[in-house]
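In case you want the letters, here they are:
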Amino acid sequence: MATEIERKFLVDMDLWMALPKPEGELLLQGYICTDPERTVRIRIAGQRAWLTVKGITTGASRTEIECGIPVGTAGELLSGFAQNRISKIRYKVPHGGRTWEVDVFLEENEGLIVAELELESEDASFALPEWVRAEVTGERRYYNAVLSRHPFKDWTAEK
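Presented here is a report on the structure given in the accompanying data block. (Residues numbered from 1 in each chain as written. Predicted model: local features only at pLDDT ≥ 70, side-chain atom pairs only at ≥ 80, totals over all residues. Heavy atoms only, no water.)

1. Things to note about empty space enclosed by the protein
Defined as follows: Each cavity reported here is a set of points on a 1 Å grid over the protein atoms alone in which a 1.4 Å probe fits but cannot get out, each pocket an open set with protein on both sides within 12 Å along at least five of seven lines, and each lining residue one with an atom within 4 Å of a point. Grid points are joined across faces, edges and corners, and a volume is the space filled by probe spheres set on the points. Only DSSP runs of H or I with at least four residues qualify as helices, and only runs of E with at least two residues qualify as strands; both kinds are numbered from the N terminus onward. By the convention adopted, Pro, Cys, Tyr, Trp, Phe, Met, Ile, Leu, Val and Ala count as nonpolar, Lys, Arg, Asp and Glu as charged, and the other residues, Gly among them, as polar.
Applying the stated criterion across every chain yields a total of 1 cavity of 30 Å³ or more. Looking at the largest cavity, its volume works out to about 80 Å³. Considering the residues around the largest cavity, the lining is formed by Glu4, Glu6, Lys8, Thr57, Gly59, Ala60, Arg62, Thr137, Gly138 and Tyr143. Among the elements that take part in the lining of the largest cavity, strand E1 (residues 2-11) stands out by supplying 3 residues, more than any other. Here the lining of the largest cavity is built from residues that sort into 2 nonpolar, 4 polar and 4 charged.

2. Regarding the side chain of Arg98
Stated formally: We call a residue buried when its accessible area falls under 20% of the maximum for its residue type, exposed when it is over 50%, and partly exposed in between, using a 1.4 Å probe and counting protein chains only. Any two residues whose heavy atoms approach within 4.5 Å at even a single point are treated as in contact.
Tracing the chain through its elements places Arg98 in strand E7 (residues 98-105). Arg98 sits in the buried class, given a relative accessible area of 19%. Aside from chain neighbours lying at most four places away, what touches Arg98 is Val93, Leu117, Glu118, Leu119, Glu120, Ala124, Ser125 and Phe126.

3. Some points on the pattern of salt bridges
Our working definition: The term salt bridge refers to a pairing of a side-chain nitrogen on Lys or Arg with a carboxyl oxygen on Asp or Glu at a separation within 4 Å.
Tallied over the entire structure, the rule returns 16 salt bridges. Between Glu101 and Lys92 there is a salt bridge; the shortest N-O distance is 4.0 Å.

4. Some words on the pairing of E7
The following threshold applies: When DSSP finds at least two bridges between two strands, those strands are taken to pair.
Where burial is concerned, most of E7 is hidden: 6 out of the 8 residues are buried. Where strand E6 (residues 84-95) meets E7, 8 bridges bridge the pair, whose relative direction is antiparallel. Opposite Ile89, over in E7, you have Val104 as the bridge partner. Following E6, the chain reverses through 2 residues before pairing antiparallel with E7; Gly96 in that reversal takes a positive phi of roughly 60°.

Take a look at the structure:
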């Protein structure tokens, strides 16, 4: 089984909006299971789709198994089995020799922008871009599976 090591950060919206950006990609995601110990996700990005199973998060690490599936099958799974969904535009932004994935959330999560960085170890060093704000690694409410059930528009403390 593979291990995903990922750090998450909030993005300063004003600084982000002022930047030139690479082309983004629309991601549609649905969750078949959102149990904190095991998450099952369907993702569609253009003409590609994946089924992903993630284990419990410890620190910035968790088990992740991902396999490509036909887009038609993913669409059927989304419409027939995924109770909770999110959509976002993902930008891949190079900075400091690494690639940051910046997710600009849509629909019920509009107004939330999160940057993620996958690392080779939990203690790996990296440079923070100027548009990054606070780290939110490990804060459950920023997990996509949680956002699918408790969207950003319903948060009161952040607004």
